[in-house]
Amino acid sequence: MNQNELKKSLSKLKLGDIKYFDSIGSTNDEALAWAADDARDLSLVIADEQTAGRGRLDRKWITPKGAALAFSLILRPTAEEKPRLSRTVGLAALAVAESLRMHELNIQVKWPNDVLIRGRKVCGILVESVWSGEDVDCVVIGVGVNVSKNSVPPAEQVLFPATSIEDETGQETNRVEVLHHILATFITLRPTLVTDEIITHWAGLLAFQNESVQVESPNIPPIVGQINGLEPDGSLRLLNEHGESVTVRFGDVRVRPLT
Ligand code: BT5
């Protein structure tokens, strides 16, 4: 992977500018700084290796050299999109999920920000915003995808079982082709951000639908319930043990299946 190969391969997509790094701390940090400056809509920061990749709450995201995709897409939302930005993580997860479905794999979206193949995490998404006063100016969508087998961290370093595309398909996979597919799918799906179609689409791919889960977040007792779909803003709907509907909003939330 290098800047020229990327520019050539992605030239037919209507992207902004592209910044490629052999190695970087975090593509999200670079993209946040660029977004706060003058980055155009759909500009891309991508790296072969991250030395300080981040998940939510500053958890570590591991991106070894030459093995994975780690990129951040900068979105300059339109006035129509701005009230719907809580759905952005779903849009990104659907773009990844749909682009992997071509391999006829069992793909699901684990709310709020993971994509799973056969119940294992192949992709994590971190959405962060750049504000201008009360207004969101830009959204940075950070995406990490495990492509080759050695992108998968050792079991003791992950909170949830992990996998890679090559582990699941048994085929050698070209990272730039996967990237092209994800970005093209993102661009195709973007208009659904402002329609309820995205919620139906997202809910249809939810992991643990109608199953019991435990939702954990810092400083509040865990909530136990059955996943029952999504609210229009992308929040998760659970049915608790009394059959009452409970809404779980975004934030530092962990959803764990109760088996
Ligand atoms: C995420 O957070 O899953 C969001 C990850 C976003 C990574 C991208 S890469 C490009 C961009 N630049 C960045 O710096 N970040 C974004 P969270 O739900 O908090 O999950 C983090 C947890 O996933 C860690 O605590 C580990 O348990 C696990 N993990 C770390 N690396 C992994 C990997 N390569 N594959 C699977 N699981 C991993």
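Structure: see above.
Residues numbered from 1 in each chain as written. Predicted model: local features only at pLDDT ≥ 70, side-chain atom pairs only at ≥ 80, totals over all residues. Heavy atoms only, no water.

Turning next to the pairing of strand 6 (residues 120-132). Here strand 5 (residues 114-117) runs beside strand 6; their pairing, made up of four bridges, is antiparallel. Bridging across to strand 6, Leu116 finds its partner in Lys121. Hairpin geometry of strand 5 and strand 6 is characterised by an intervening segment of two residues between the two adjacent antiparallel strands and by a positive phi of about 45° at Arg118. Of the strand pairs in this sheet, strand 6 and strand 7 (residues 135-146) are connected by 10 bridges, and their pairing is antiparallel. Its bridge partner lying in strand 7, Val130 is registered against Cys138. The turn joining strand 6 and strand 7, which pair antiparallel and follow one another in sequence, is formed by two residues; a positive phi near 65° is taken by Gly133. (Pairing = 2+ DSSP bridges. Helix = DSSP H or I, 4+ residues; strand = E, 2+ residues; numbered from the N terminus.)

So, about helix 2 (residues 27-36). It helps to recall that an α-helix has 3.6 residues per turn; residues three or four apart then point in one direction. Here helix 2 has its buried residues at Thr27, Asn28, Ala31, Trp34 and Ala35. Buried positions in helix 2, seen along its axis, are confined to an arc of 125° and lie on one side of it. Those residues of helix 2 that are exposed and angled more than 90 degrees off the buried face are Ala33 and Ala36. Along its buried surface, helix 2 packs onto strand 1 (18-21), strand 2 (43-47), strand 3 (68-75), strand 6 and strand 7. With a side-chain oxygen positioned 3.1 Å from the backbone nitrogen of Asn28, the residue opening helix 2 is Ser26. (Buried < 20%, exposed > 50% of the residue type's maximum accessible area, 1.4 Å probe, protein only. Arc of directions from axis to C-beta. Contact = heavy atoms within 4.5 Å. Polar contact = N/O pair within 3.5 Å; in protein donor to acceptor, adjacent residues only side chain to side chain.)

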